[in-house]
Amino acid sequence: MNRKLLDPFEPEYPESIEACLDDEYAVKCAFSHNGSFLATARSDGWCYIWDMDTLNVMRKLNHGESALLGLSWSRSGRYILTYDEAGVCIVWDLRTERIRARVEFESAVACARMHPRNSMQFVVCLAREAPCLVTIGSDESTPPTVIPIRISAEGVDQKSKAAASTCCCFGKKGVYVFFGTSKGAVHAVFMQTLNVVCSTKLSASTVNTISRNPRGSDIVTSSSDRILRVCEVFLPGQATRRKVVPENTPPSISVTTKIQDIVNRVHWAQALFSASGDYIVSGIQHKAEHNIYIWDKFTGSLVKMLTGPNELLEDCTVHPLRAIYASISTFGIIYMWTRVPQQNWNAFAPGFKELEENIDFAEPEDIFDRRLTKEDGGTVDCIFERIQQDKRDAAGSDESDINVEVDITDDDPLFSDSDTQSDDDEFVLPVLVKSDDLSMASEIPVSESPMPPSQNGETFEPGLTITES
């Protein structure tokens, strides 16, 4: 679909469910950075990768017997990280469909995210240990390097064995990484030194999820106190949506908007930004309701509520480019929320008139006549005039003087951003041909060949006809 034909004033959120994907064990889902694939983490230890064009499963990755708790994509879409409740993290190479790296921890993994600029690094938040930075070796024989990150002075609580970090996300370009703690704090860690540069106390409740704005520098968190908080981040050298923060600016993380359901006091399954970064998207975990709420980021007012079937919502995610949401129910069904776009043809033809219904065309009597009568009473031969005009155009034009304008780039700031550029953007997931299709082609009997039967020991080519005199 041509993006320039879309209405620029069309809402950036979906309206209804357009498709359902049956995945009975799915618990978590995530879109790739270009939105071409949707990966699901399953409770049976498998990871399915769905193609968004055909809505079919492209890959099936067997992580192990333990239930998966989540996954994370690399920028290029070639690598994908899966982690389970047993403390095992696996980085898969989708080009070879083999394990690129495997790391085992002594405690369960609460959250793990891949570096947005370096596919060979990812950050892990452990349930009973300090978070770690894992660097994958240059080849499969080199073991990964694990470096612990001390995000607070108290580190790990020795009495409750509760880790200081419960969730994490990388900032834009991967310069900083943000950690949410069990004590309600958010820490910003500089990746080069692994030191905390800024911290803020949101509340006394645990920070469950944290996500960043793909088009800005702000983040959104969901806590156990059932409040969503949008935080504006000012860090040295980090570019925001409107300006670049000077180097001498003191780092700060401040809460700008608070969102909560005062009446029902529901728990939020996830807190995300929309593709443009102007809306906050979250699903509720309340009884048997499958609803997704959309708020304005600046005012905190409710913009849209998407009502689904009477099934508990497990997880939801947002498409990085289009108004498409994916949500998982407690029965493992993946619901695809989208909006049917209205194409604006006046963008190319200002005089184009769209018809709401079919009309009868009144055909003039002289539409197919060779000779037409002018207003002054004279006649003209249409075919002869067309030939003469073509000759004049060919004689007066030179191919070397023709300026051909070819638009090969899309400079729309909504769809082109420095955060979406990668050195491995040309990666395309290979298509695998099933062995059943090849076996069926090799098992075709000779008698079923389309060649006609032979006569008198002679073989005739198709298309020849034998006639008797």
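Residues numbered from 1 in each chain as written. Predicted model: local features only at pLDDT ≥ 70, side-chain atom pairs only at ≥ 80, totals over all residues. Heavy atoms only, no water.

Topic: the overall build of the chain
Helix and strand counts for the chain come out as two helices and 31 strands. Split into buried and exposed, the 469 residues of the chain put 43% on the buried side. Of the contacts formed within the chain by residues at least 6 apart in sequence, a portion of 47% connects residues at least 24 apart. Working note: accessible area of the chain is about 26900 Å², and carbon and sulfur atoms make up 50% of it. (Helix = DSSP H or I, 4+ residues; strand = E, 2+ residues; numbered from the N terminus. Buried < 20%, exposed > 50% of the residue type's maximum accessible area, 1.4 Å probe, protein only. Contact = heavy atoms within 4.5 Å. Areas by Shrake-Rupley, 256 points an atom, 1.4 Å probe, with all protein chains shown as cover.)

Structural notes on the nonpolar core
Core analysis: the largest hydrophobic core is formed by 18 residues, its most contacted members being Leu81, Cys89, Val91, Phe105, Val109, Phe122 and Val124. Those elements that provide at least two residues to this core are strand 7 (79-84), strand 8 (88-93), strand 9 (98-104), strand 10 (109-114), strand 11 (121-126) and strand 12 (132-135). Aside from chain neighbours lying at most four places away, what touches Phe105 is Ala86, Gly87, Cys89, Val124, Leu126, Cys132, Val134 and Val146. In this structure, Phe37, Ala39, Leu68 and Val88 belong to the second largest nonpolar core, which totals 17 residues. (Core = buried A, V, L, I, M, F, W, Y, C linked by side-chain atoms within 4.5 Å.)

Notes on the environment of Val255
Relative to the elements of secondary structure, Val255 occurs in strand 21 (residues 252-259). In this structure Val255 comes out as partly exposed when scored by relative accessible area, which is 36%. For Val255 and Ile219, which are 36 residues apart along the polypeptide, the C-alpha to C-alpha distance reads 9.4 Å.

What about unusual backbone geometry?
The phi dihedral of Lys173 falls on the positive side, at around 70°, and the residue is not glycine. Even without being glycine, Arg226 reaches a positive phi, approximately 65°. Relative to the assigned elements, Arg226 resides in the loop between strand 19 (219-223) and strand 20 (228-234). Judged by relative accessible area, Arg226 falls into the partly exposed class, the value being 27%.

Some remarks on the pattern of salt bridges
Scanning the entire structure with this criterion turns up nine salt bridges. Here Arg339 and Glu15 are joined by a salt bridge, their closest N and O atoms 2.7 Å apart. Residue Arg339 is located in the loop between strand 29 (333-338) and strand 30 (371-373), and its partner Glu15 is located in the segment before strand 1 (16-22); the two are separated by 324 residues in the primary sequence. Residue Arg339 is classed as buried on the basis of its relative accessible area, which comes to 14%. Of the charged contacts in the structure, one is a salt bridge between Arg42 and Asp44, with a shortest N-O distance of 2.7 Å. (Salt bridge = Lys/Arg side-chain N within 4 Å of Asp/Glu carboxyl O.)

Let's talk about the sheet that holds strand 9
A sheet is described by the order of its strands in space; here four strands give the open sequence 6-7-8-9, paired in antiparallel fashion. Here the strands that pair on one side only, and so sit at the sheet edges, are strand 6 (68-73) and strand 9. If you compare each strand with its neighbour and ignore which way they point, the axes differ by 20° on average. (Pairing = 2+ DSSP bridges. Axes fitted to C-alpha atoms, helices over the stretch in contact; angles between N-to-C directions.)

Things to note about the side chain of Thr82
Within the element layout of this structure, Thr82 appears in strand 7. Overall, Thr82 belongs to the buried group, its relative accessible area being 0%. At 2.8 Å, the side chain of Thr82 forms a polar contact with the side chain of His63. With residues near it in sequence (within four places) discarded, Thr82 still touches Cys47, His63, Leu68, Gly70, Leu71, Val88, Cys89, Ile90 and Trp92. (Polar contact = N/O pair within 3.5 Å; in protein donor to acceptor, adjacent residues only side chain to side chain.)

Notes on the environment of Cys89
Relative to the assigned elements, Cys89 resides in strand 8. A residue is classified by how much of its surface remains accessible, and Cys89, at 1% relative accessible area, is buried. With 14 residues separating them in the primary sequence, Cys89 and Val103 have C-alpha atoms 5.2 Å apart. In contact with Cys89, not counting residues within four places along its chain, are Leu81, Thr82, Tyr83, Ala101, Arg102, Val103, Phe105, Val109, Phe122 and Val124.

Describing the sheet that holds strand 13 (residues 145-148)
Taken together, the four strands give an open sheet; going across it, the order is 10-11-12-13, and neighbouring strands pair in antiparallel fashion. Because the sheet does not close on itself, it has two edges, and the strands there are strand 10 and strand 13. Ignoring strand direction, the axes of neighbouring strands in this sheet form an average angle of 20°. Relative to strand 13, strand 12 is paired through four bridges, and the arrangement is antiparallel. Each bridged residue has a counterpart across the sheet, and for Cys132 the counterpart in strand 13 is Pro148.

Looking at the packing of aromatic side chains
For the structure on display, the rule yields five aromatic pairs. With a centroid separation of 5.8 Å and 10° between ring planes, the pair formed by Tyr293 and Trp295 is classed as stacked. Take Tyr293 and Trp295: they sit in the same class, and that class is buried. These aromatic residues form a ring-pair network of at least three members: Trp268, Tyr293 and Trp295. Here Arg42 stacks its cationic end above the ring of Tyr48, 4.1 Å away from the centre of that ring. (Phe/Tyr/Trp six-rings, centres within 6.5 Å; stacked < 30°, edge-to-face > 60°. Lys NZ or Arg CZ within 6 Å of the ring centre and 35° of its normal.)

Here we look at the confidence of the model for the chain
Per-residue confidence for the chain gives a mean pLDDT of 80; residues scoring 70 or more make up 74%. Low pLDDT, under 50, characterises residues 158-163; the predicted model gives this stretch twelve contacts beyond four residues in sequence or across chains. Every residue in residues 440-469 scores below 50 in pLDDT, and together they form nine contacts with partners more than four places removed in sequence or on other chains. (pLDDT = per-residue confidence, 0-100.)

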